[in-house]
Every structure is written in C-alpha cells, then in structure tokens.
Amino acid sequence: MLDKNSTTSLFLQIEADIKNNIDNGVYIAGDKLPTEIELMEFYNVSRITIRRAIDDLTKEGILIKKQGKGTFIKEKKIQRKIPN
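Residues numbered from 1 in each chain as written. Predicted model: local features only at pLDDT ≥ 70, side-chain atom pairs only at ≥ 80, totals over all residues. Heavy atoms only, no water.

Visitor: Help me understand the layout of surface pockets in this model?
Guide: The rolling of a water-molecule-sized probe over the atoms marks out the regions of remaining empty space. Approximately 210 Å³ is the volume found for the largest pocket. At the level of elements, strand S1 (63-66) and strand S2 (70-73) are the ones that each hand at least two residues to the lining of the largest pocket. (1 Å grid on protein atoms, 1.4 Å probe; cavity = no way out; pocket = protein on both sides within 12 Å on 5 of 7 lines; lining within 4 Å. Points joined across faces, edges and corners; volume = space filled by probe spheres on them. Helix = DSSP H or I, 4+ residues; strand = E, 2+ residues; numbered from the N terminus.)

Here it is, written out as structure tokens:
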C-alpha cells in the first residue's frame, strides 16, 4: 500500500504498484484497469493523483486509453533480432 510519509510522490508509488500488479499477473494484457473513481477509493488519494499516474503509465506505453471505453493494459511487443 501507499506510504504517505515517504519522500516518493504518491503518484509514483501508484505507478509502481500498478506495474507490480502487471508483473505479478494481477492485470494482464488487454485487461481493463479499474475506473479513476475506483482507484481513488482503493488508494485513498485525489483524482489528480490517479490521473497523473495513469498519464505517466500511458506515456511509457504500459497503458492505453480508449475514449469512452476505459484504460487498458497494453500488449507487450515482442522484439526479436532476426539472424542474417
């Protein structure tokens, strides 16, 4: 859970927690992330804090926003080098 006494910003702690949940299979590619309101209640933070975390994860390519549908876990692209 979040440490409100930590020197690390709350939105960064939320980002780390969401990434950890993805790594541990709580969320898998294609899953819909809970709504902003649900995340606000779960983490007990303001909407702006949730939005900052979601926006940063979207910019990193971890999440994808779909207008009118929600925010989803983005598929990881597999990169392979093709031998010559």
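Visitor: Whenever I open this one, the packing of aromatic side chains confuses me. Can you help?
Guide: One pass over the full model with this rule turns up 1 aromatic pair. Over the face of the ring belonging to Phe72 we find Lys66, whose NZ or CZ atom lies 5.0 Å from the ring centre. (Phe/Tyr/Trp six-rings, centres within 6.5 Å; stacked < 30°, edge-to-face > 60°. Lys NZ or Arg CZ within 6 Å of the ring centre and 35° of its normal.)

Visitor: Whenever I open this one, the environment of Glu38 confuses me. Can you help?
Guide: Within the secondary structure, Glu38 is located in helix H2 (residues 36-43). Once the C-alpha coordinates of Glu38 and Ile28 are considered, the two residues, 10 residues apart in sequence, prove to be 18 Å apart.

Visitor: Looking at this structure, how should I read the nonpolar core?
Guide: Within soluble globular proteins, side chains that are nonpolar generally end up buried alongside one another. Within the largest apolar cluster, 16 residues are counted, with the highest numbers of intra-cluster contacts made by Ile14, Ile18, Leu33, Tyr43 and Ile50. Residues in contact with Leu33, not counting those within four places in the same chain, are Ile18, Tyr27, Leu39, Ile54, Leu63, Thr71, Phe72 and Ile73. (Core = buried A, V, L, I, M, F, W, Y, C linked by side-chain atoms within 4.5 Å. Buried < 20%, exposed > 50% of the residue type's maximum accessible area, 1.4 Å probe, protein only. Contact = heavy atoms within 4.5 Å.)

Visitor: Help me understand the side chain of Asp56, please; the structure alone is not making it clear to me.
Guide: Inspection of the secondary structure puts Asp56 in helix H3 (residues 47-59). Aside from chain neighbours lying at most four places away, what touches Asp56 is Phe11 and Glu15.

Visitor: When you look at the environment of Ile48 in this model, what are you seeing that I'm missing?
Guide: Position of Ile48 relative to the elements: it lies in helix H3. Sequence-wise, Ile48 and Gly61 are 13 residues apart; in three dimensions their C-alpha atoms are separated by 20 Å.

Visitor: I tried to follow H3 on my own but got confused; where do I start?
Guide: Three or four residues apart is the spacing at which side chains of an α-helix point the same way, because the helix has 3.6 residues per turn. An ideal rise of 1.5 Å per residue puts 18 Å on 13 residues; H3 measures up with 18 Å between its terminal C-alpha atoms. Along H3, the positions that sit buried rather than exposed are Thr49, Ile50, Ala53, Ile54, Asp56 and Leu57. The buried residues of H3 occupy an angular sector of 160° when projected down its axis, which confines them to one face. For H3, the exposed residues set more than 90 degrees away from the buried face come down to Ile48 and Lys59. Buried-residue contacts for H3 involve helix H1 (10-23), H2, S1 and S2. The positive-phi residue at the C-terminal boundary of H3 is Gly61, with phi of around 85°. (Expected span 1.5 Å × (residues − 1). Arc of directions from axis to C-beta.)

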